[in-house]
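Topology and contacts: notes
Here's the letter readout for the chains.
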Amino acid sequence: MPCEHIGGASVLEVVIDERGDTYRAVYTVKFAEAVYVLHVFKKKSKRGIRTLLTDVSAIKGRLKEATQHYHDTYSANENARGTKQQ
């Protein structure tokens, strides 16, 4: 499902409920050449569906890092092919 509050439709979350625990994996499909896993964690709060601010902060920081890494790694390849970075 999309994480609209973190990175829009390009940041997705997989939620797995297993034996009373909830696990989440957050990744981005923002880029044409790569998929970045931003954060995987066990949800600690038993109340509500809100993600802890520490987890949200980690995801946002890693999205910035992934964006920079993608730019540094793939932009030369895209420019050579004449494609546009998203």
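Our structure's up above, just so we're on the same page.
Counting from 1, residues in each chain are numbered in the order their sequence is written. Local features in this predicted model are restricted to residues of pLDDT 70 or higher, and side-chain atom pairs are both shown and tallied only at a pLDDT of 80 or more, whereas totals for entire chains, interfaces and linings draw on every residue. To get the side-chain values, take all heavy atoms of the structure and skip hydrogens and water.

1. Comments concerning the packing of aromatic side chains
In this scheme Phe, Tyr and Trp rings, the latter by its six-membered ring, pair at centre separations within 6.5 Å, and the angle between planes marks the pair as stacked below 30 degrees, edge-to-face above 60, and tilted otherwise. Going through the model one piece at a time under the given rule, you end up with three aromatic pairs. Measuring from centroid to centroid gives 4.3 Å for Phe-31 and Tyr-70, while their planes differ by 20°, and the two rings are stacked. With a gap of 39 residues between them, Phe-31 in the loop between strand S3 (21-28) and strand S4 (36-43) and Tyr-70 in helix H1 (residues 53-81) connect regions that are remote in the sequence. As far as the burial class goes, Phe-31 and Tyr-70 line up, both buried. Members of the aromatic cluster, joined through ring pairs, are Phe-31, Tyr-36, Tyr-70 and Tyr-74. In this description a helix means any DSSP run of H or I spanning at least four residues, a strand means any run of E spanning at least two, and both kinds are numbered starting from the N terminus. Residue exposure (1.4 Å probe, protein chains only): buried if accessible area is under 20% of the type maximum, exposed if over 50%, otherwise partly exposed.

2. Thoughts on the pattern of salt bridges
Salt bridge, as used here: a side-chain nitrogen of Lys or Arg that lies within 4 Å of a carboxyl oxygen of Asp or Glu. Applying the stated criterion across every chain yields a total of three salt bridges. In this structure, Glu-13 and Arg-24 form a salt bridge, with 3.1 Å as the shortest nitrogen-oxygen distance. Of this pair, Glu-13 sits in strand S2 (residues 8-18) while Arg-24 sits in strand S3, placing them 11 residues apart in sequence. Among the residues examined, Glu-13 registers a relative accessible area of 10% and is labelled buried. The shortest N-O distance in the salt bridge between Arg-19 and Glu-18 comes to 3.6 Å. Residue Glu-18 is classed as partly exposed on the basis of its relative accessible area of 41%.

In short, shape yes, function no, at least from these values alone.
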